[in-house]
Amino acid sequence: METEETVQSEQPTNEMEELSHTDKIVGVFSEPSKMFSITSLFPIKSKDWLIPLLIVFAIAGIIRSVAMLNEEVFFEAKQQQVKMMKDMVKNGTLPADQLDSALERIDSQMEFMRGPIGWIISIITTVIFGSIFFFIIVGIYFLCAKLILKGEGTYSGTLVASALPMYISAIQFIITGLLTFAMGKIVVDTSAAAFLNTDRSTILGFVLAKFDPISIWAYIVLAIGLAKMFKSKDTTKYIILVFALWILGGLLFFFLGQAFPFLRGFTGG
């Protein structure tokens, strides 16, 4: 009888308690390894990837719209669009006789996007296209973890591992938004390239763009999440995988941006 009572009294303390979404947010910043280890023991909850996905992309859309209220930022954004159109004419992707009409459309569209309806459209499109890109990237992580690293995880687990670190990215969006509005120039991230105002269409600009402490932090947490969700004790190989994909993906868009100027937005160039 005494043994039975002892077991009953120890059982609640031995059972692992499932974390709430708020606990997971705190864990992303404080103890990501412990948080993902506990999360991996319970069934995947859709809200753990859906909530950060919607919140972070909505924040990105709102900040982008607010930044356009600054006249200097608005003018710079317009000049970037004009330069892109002129580059397309030079590359032969846009007929020269259509340049004037294209520039007029840019002017009217950008003015429209500063209004309330434009804000709504900007936020919705950011969430939609950001989500599509997110699901593709998650698919790549999932396939690499399964086929290359031979991990024992699921696509839904990869969604959670990829989405929760987006709360770190939200900090970056807020910082760059504040800097953009305060400095009167577009600041796309917190990298060395942004603060040194380096041309990202050059190799030096590409390299400096990778020296971004917040992005590095987020990718390390992502790698930890993947390792835990795929039941791996070796986090290092997941860190190598994540950073290799980050650099190779960046190089892909870098060289595509050289050939097709309208793709330079993917690399911040």
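Refer to the structure presented above.
Rules behind the numbers
Residues numbered from 1 in each chain as written. Predicted model: local features only at pLDDT ≥ 70, side-chain atom pairs only at ≥ 80, totals over all residues. Heavy atoms only, no water. Helix = DSSP H or I, 4+ residues; strand = E, 2+ residues; numbered from the N terminus. Expected span 1.5 Å × (residues − 1). Buried < 20%, exposed > 50% of the residue type's maximum accessible area, 1.4 Å probe, protein only. Contact = heavy atoms within 4.5 Å. Polar contact = N/O pair within 3.5 Å; in protein donor to acceptor, adjacent residues only side chain to side chain.

### Focus on helix H9 (residues 166-183)
Because each turn of an α-helix spans 3.6 residues, side chains separated by three or four positions in sequence point in the same direction.
Here is step 1: The end-to-end C-alpha distance of H9 is 25 Å, a good match for the 26 Å that 18 residues give at a rise of 1.5 Å each.
Here is step 2: Among the residues of H9, Met166, Tyr167, Ile168, Ala170, Gln172, Thr176, Gly177 and Thr180 are the ones counted as buried.
Here is step 3: Turning to H9, the residues buried within the fold contact helix H2 (21-30), helix H4 (47-67), helix H5 (71-90), helix H7 (116-148), helix H8 (155-163) and helix H12 (213-229).
Here is step 4: Phi for glycine 184, located one or two positions after H9, is positive at around 75°.

### Description of the environment of threonine 158
Here is step 1: Position of threonine 158 among the secondary structure elements: in helix H8.
Here is step 2: Taking C-alpha positions, threonine 158 is 9.8 Å from isoleucine 140, a pair spaced 18 residues apart along the chain.
Here is step 3: Each residue touching threonine 158, except ones within four places of it in the same chain, is listed here: Val138, Tyr141, Phe142, Leu226 and Phe230.
Here is step 4: Separated by 2.8 Å, the side chain of threonine 158 and the backbone oxygen of threonine 154 make a polar contact.

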